[in-house]
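# Observations on chain architecture
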Amino acid sequence: MYSKKVMDHFLNPRNVGEIKNADGVGTVGNPICGDVMTFYIKIKDNSIEDVKFKTFGCGAAIAVASIVSEMAKGKTIDEAKKITNEMVVTELDGLPPHKLHCSNLGADALHKALSNYAAKRRKKKRRTETKKKGKGNK
Ligand code: FES
């Protein structure tokens with residue numbers, strides 16, 4: 001039996017879609033059922049300004065993605081990194097035991113998007129530093 005909150009987020013999922021030119025994108029697949037979830041994030045001043053998701057998953061996965069998007073929006077990067085699968089289940093007022101594996105996709109996809117953002121930033125920083133060094137040699 002699903003909680004009212006799960007049903008609400010499944011029937012009216014928040015933040016569905018894609019962010020063009022997202023600062024970070026993370027896709028994860030569930031090895032148990034093969035379902036897939038992608039998170040897109042936009043970062044401003046070290047916080048998640050916008051977040052969207054797309055999922056090819058079950059009703060529980062849709063509810064999970066929806067609640068994770070709400071939990072993440074407005075959080076700093078460090079706060080968002082601390083969102084765990086257990087927190088997601090608690091926030092949804094629980095999931096049936098056989099659906100607990102569905103809760104893994106949400107936080108994992110979000111964290112992957114955050115890692116992707118961090119990797120892009122490191123790459124950009126390296127490029128800027130290389131350019132600066134190049135100028136200094138002239
Ligand atoms: S059955 Fe695949 S995520 Fe729920």
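First, a word on scope: everything that follows refers to the structure included in this document. Just so it is clear, the model here is predicted, and its values are computed rather than measured.

In spatial order, the strands read β1-β2-β3; together these three strands make up an open sheet with antiparallel pairing. The two strands at the open ends of the sheet, each matched to only one other strand, are β1 (24-29) and β3 (47-56). Pairwise comparison of adjacent strand axes, ignoring direction, gives a mean angle of 15° for this sheet. Pairing analysis gives six bridges linking β1 to strand β2 (residues 36-44), with the strands arranged antiparallel. Its bridge partner being in β2, Thr 27 is matched across the sheet by Thr 38. Set on the sheet, helix α2 (residues 59-72) makes contact with β2 and β3; between it and β3 the angle comes to about 175°.

The biggest cluster of nonpolar side chains holds 35 residues, and the ones touching the most others in it are Phe 39, Ile 41, Val 64, Val 68 and Leu 110. Elements represented by at least two residues in this core include exactly β2, β3, α2, α4 (85-91) and α5 (104-137). Considering each element in turn, this core owes the most residues, 10 residues, to α2. Residues within four places of Val 64 in sequence aside, it is in contact with Val 88, Cys 102, Ser 103, Leu 105 and Gly 106.

Basis of the calculations
- Residues numbered from 1 in each chain as written.
- Predicted model: local features only at pLDDT ≥ 70, side-chain atom pairs only at ≥ 80, totals over all residues.
- Pairing = 2+ DSSP bridges.
- Helix = DSSP H or I, 4+ residues; strand = E, 2+ residues; numbered from the N terminus.
- Axes fitted to C-alpha atoms, helices over the stretch in contact; angles between N-to-C directions.
- Contact = placed C-beta atoms within 7 Å.
- Core = buried A, V, L, I, M, F, W, Y, C linked by C-beta atoms within 7 Å.
- Buried ≥ 20, exposed ≤ 12 C-beta atoms within 10 Å, placed from the backbone.

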